[in-house]
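The chain contents come next:
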Amino acid sequence: EEGIDTLPPGVEVAFASQVVTMCDNPTAVLHTGRDSSMVVGAQLLAKGQGDAFVSAGNTGALLTVATLVAKRIKGIKRAAVSPVCPTETGKCVILDAGANNECTPEYLLQFGYMGSFYAERYLGIVGPRVGLLNNGAEETKGRELQKEAYALLKKAGDEGELNFVGNVEARDVPTGKVDVVVCDGFTGNVILKLTEGVAKMLLGMLKQMFLANLGGKLAYLLLKGGVADLKHQMDSEEYGGAPFLGAKQPVIKAHGSSKAKGIKNAIRQAKICVENDLCGTMQSALDELAAANKTEE
């Protein structure tokens, strides 16, 4: 239908007659969209007919199929979509960024463990700093969720299981105050989308400034390399997708507005996760932590 007569080597098509829309009820997708590409793809993954699953579709629905079809890592209560964002000092991982709007303190504690593992193993950050996103740095700030999660994360930090640095405000995220940002999915998604919007606005203003007059154009020629690097860092399509940390097999969520470059880089992320056995090594690390805690008891 798309004018492709011959598929490239290694590419196969699995037929799916249904589509999961962005407005569909995520919890009902296994009943109303059994033959959707999302469910069919997850089933192929679970059966071993694929090594990773990439989707740019409904985040909540993807969480449902990743949890109920591909399954979760043993001991993890909820998987979390975990994008990597640029900061002044490097990179940070935010989790959750849209999969779990409603969270418990225990979920946030587990997000801290998974984010710390991911930052250390895959971003190369030694002793990643874990922060709880809140509306103030003080220990007493936030709703009951944040207060209870703070207590759990602090206990884990005191016991040497995490490098927990306390509460962080949204403005602390782009400055690189922490390497792992822990939050519920609703808040994390708002932070992510706002960051993308501000980055797009600033790059647009920068472009207008350079094109305003001859002086600006000359300045651009002198700064061309630096501007290109900045655009590269701020382009969400360069990261492609975010892994669902906690899924038993690699599941990558691409941005819903992804273009060709974004999908390509999401597939690249999936390849990296498979080659480095992200899910297997995370399971081993969590098993070791659980065993150590049981021994102490």
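Structure first, text after, so check above.
Residues numbered from 1 in each chain as written. Predicted model: local features only at pLDDT ≥ 70, side-chain atom pairs only at ≥ 80, totals over all residues. Heavy atoms only, no water.

Q: Explain a positive patch on the surface here, please?
A: A cluster of basic residues, K71, R72, R78 and K248, forms a positive patch at the surface. One can find K248 in the loop between β8 (241-245) and β9 (251-254). (Patch = residues over 30% accessible without salt bridge, like charges linked within 9 Å, V, L, I, M, F, W, Y side chains within 5 Å. Areas by Shrake-Rupley, 256 points an atom, 1.4 Å probe, with all protein chains shown as cover. Salt bridge = Lys/Arg side-chain N within 4 Å of Asp/Glu carboxyl O. Lys, Arg positive; Asp, Glu negative; His and termini not counted. Charge placed at Lys NZ, Arg CZ, Asp CG, Glu CD. Helix = DSSP H or I, 4+ residues; strand = E, 2+ residues; numbered from the N terminus.)

Q: Please clarify how the packing of aromatic side chains should be interpreted in this entry.
A: Ring pairs (aromatic) are described by centroid distance and by the angle formed between their planes. With the rule as written, the count across this model stands at four aromatic pairs. Seen from their ring centres, F117 and Y122 are 6.4 Å apart, and the 65° between their planes marks the pair as edge-to-face. Y122 matches F117 in its accessibility class, with the two residues each being buried. Between Y150 and F164, the ring centres sit 5.4 Å apart and the planes meet at 75°, which makes this aromatic pair edge-to-face. Separated by 14 residues along the polypeptide, Y150 in helix α5 (residues 144-158) and F164 in strand β6 (residues 163-168) bring together distant segments of the chain. (Phe/Tyr/Trp six-rings, centres within 6.5 Å; stacked < 30°, edge-to-face > 60°. Buried < 20%, exposed > 50% of the residue type's maximum accessible area, 1.4 Å probe, protein only.)

Q: Sorry if this is basic, but what is going on with the sheet that holds strand β5 (residues 129-133) here?
A: Pairing between sheet strands relies on hydrogen bonds along the backbone, with the strands arranged either parallel or antiparallel. As summarised here, the arrangement of the five strands in space is β3-β4-β7-β5-β6, forming an open sheet in which the pairing is mixed. Strands with a single pairing partner mark the edges of an open sheet, and in this sheet they are β3 (84-87) and β6. When the angles between neighbouring strand axes are averaged without regard to direction, this sheet yields 30°. The pairing of β5 with β6 spans five bridges and is classified as parallel. Looking across to β6, one finds that G131 is bridged to G166. (Pairing = 2+ DSSP bridges. Axes fitted to C-alpha atoms, helices over the stretch in contact; angles between N-to-C directions.)

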